Amino acid sequence: MLIARVLGFLLLGLGGIGIFLPVWPTTVFWIGAAICFARSSPAMRDWIYRRPGFGPPIRSFVEDGTLSRKSKSGALVGMGLAGGISSAVLWGRWTWLAFALALIACGMAYVMSRPSDPA
């Protein structure tokens, strides 16, 4: 429980950076924090769920495994941009580029596989 709580606060802090730094993700870190807090600190999990803009989609994903169409579109566009940036930065380093693009493709496949509506 202590490890989950510490990891939850670490992820919450990392996600908080994304509120102020546009290229840093917030939601993915806060999803991890909510999962860590689910049993170790339900009050903190509920605090995350109450955040305007971030809370409802995080709650839907953690509790129902669903992503709204808007969330899916945003995630896919972000991953597409990350793929483009990775290609520009890693051009010529074919092994690293292939690894980066494979990870991004796995992430895209996972996002596309999530249902859009609660069961």
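So, here is what we can say about the structure in this document. (Residues numbered from 1 in each chain as written. Predicted model: local features only at pLDDT ≥ 70, side-chain atom pairs only at ≥ 80, totals over all residues. Heavy atoms only, no water.)

**Quick look at the side chain of Ser-86**
Within the fold, Ser-86 resides in helix H5 (residues 69-90). On the basis of relative accessible area, Ser-86 is assigned to the buried category, the value being 16%. Among the polar contacts listed, one links the side chain of Ser-86 to the backbone oxygen of Ala-82, at a separation of 2.8 Å. If near-sequence neighbours (up to four positions away) are discounted, Ser-86 is found in contact with Trp-91, Leu-97, Ala-100 and Ile-104. (Helix = DSSP H or I, 4+ residues; strand = E, 2+ residues; numbered from the N terminus. Buried < 20%, exposed > 50% of the residue type's maximum accessible area, 1.4 Å probe, protein only. Polar contact = N/O pair within 3.5 Å; in protein donor to acceptor, adjacent residues only side chain to side chain. Contact = heavy atoms within 4.5 Å.)

**What about the pattern of salt bridges?**
Under the defined criterion, the tally for this structure stands at two salt bridges. Arg-45 is the salt-bridge partner of Asp-46, the closest N and O atoms lying 3.1 Å from each other. Judged by relative accessible area, Asp-46 falls into the partly exposed class, the value being 26%. For Arg-59, the salt bridge goes to Glu-63, with nearest N and O atoms at 3.4 Å. Pair noted here: Arg-59 and Glu-63 are both in helix H4 (residues 55-64), with a separation of four residues, about one helical turn. Glu-63 gets classed as partly exposed once you look at its relative accessible area, which sits at 44%. (Salt bridge = Lys/Arg side-chain N within 4 Å of Asp/Glu carboxyl O.)

**Overview of the packing of helix H2 (residues 27-40) against H4**
Two numbers describe how H2 lies on H4: the axes approach to 10 Å, and their chain directions differ by 50 degrees. Here H4 runs oblique to H2, going by the angle between their axes. Considering the relative orientation of H2 and H4, their crossing is right-handed. Facing H2, whose interface residues are Thr-27, Trp-30, Ile-31, Ala-34 and Ile-35, H4 presents Ile-58, Phe-61 and Val-62. (Axes fitted to C-alpha atoms, helices over the stretch in contact; angles between N-to-C directions. Parallel < 35°, antiparallel > 145°, perpendicular 65-115°, else oblique. Left-handed = near helix turned anticlockwise from the far one by under 90°.)

**With respect to the nonpolar core**
The nonpolar side chains of soluble globular proteins are, as a tendency, buried together. Ranked by size, the top nonpolar core spans 18 residues in total, and within it Leu-12, Trp-30, Ala-33, Phe-37, Ile-48 and Ile-58 carry the most contacts. Those elements that place two or more of their residues in this core are helix H1 (2-20), H2, helix H3 (42-49), H4 and helix H6 (94-113). (Core = buried A, V, L, I, M, F, W, Y, C linked by side-chain atoms within 4.5 Å.)

**Some thoughts on the side chain of Lys-72**
By the element assignment, Lys-72 lies in helix H5. Residue class for Lys-72 comes out buried when judged on its relative accessible area of 13%. Not counting residues up to four positions away in its chain, the partners in contact with Lys-72 are Leu-67, Val-111, Met-112, Arg-114, Pro-115 and Ser-116.

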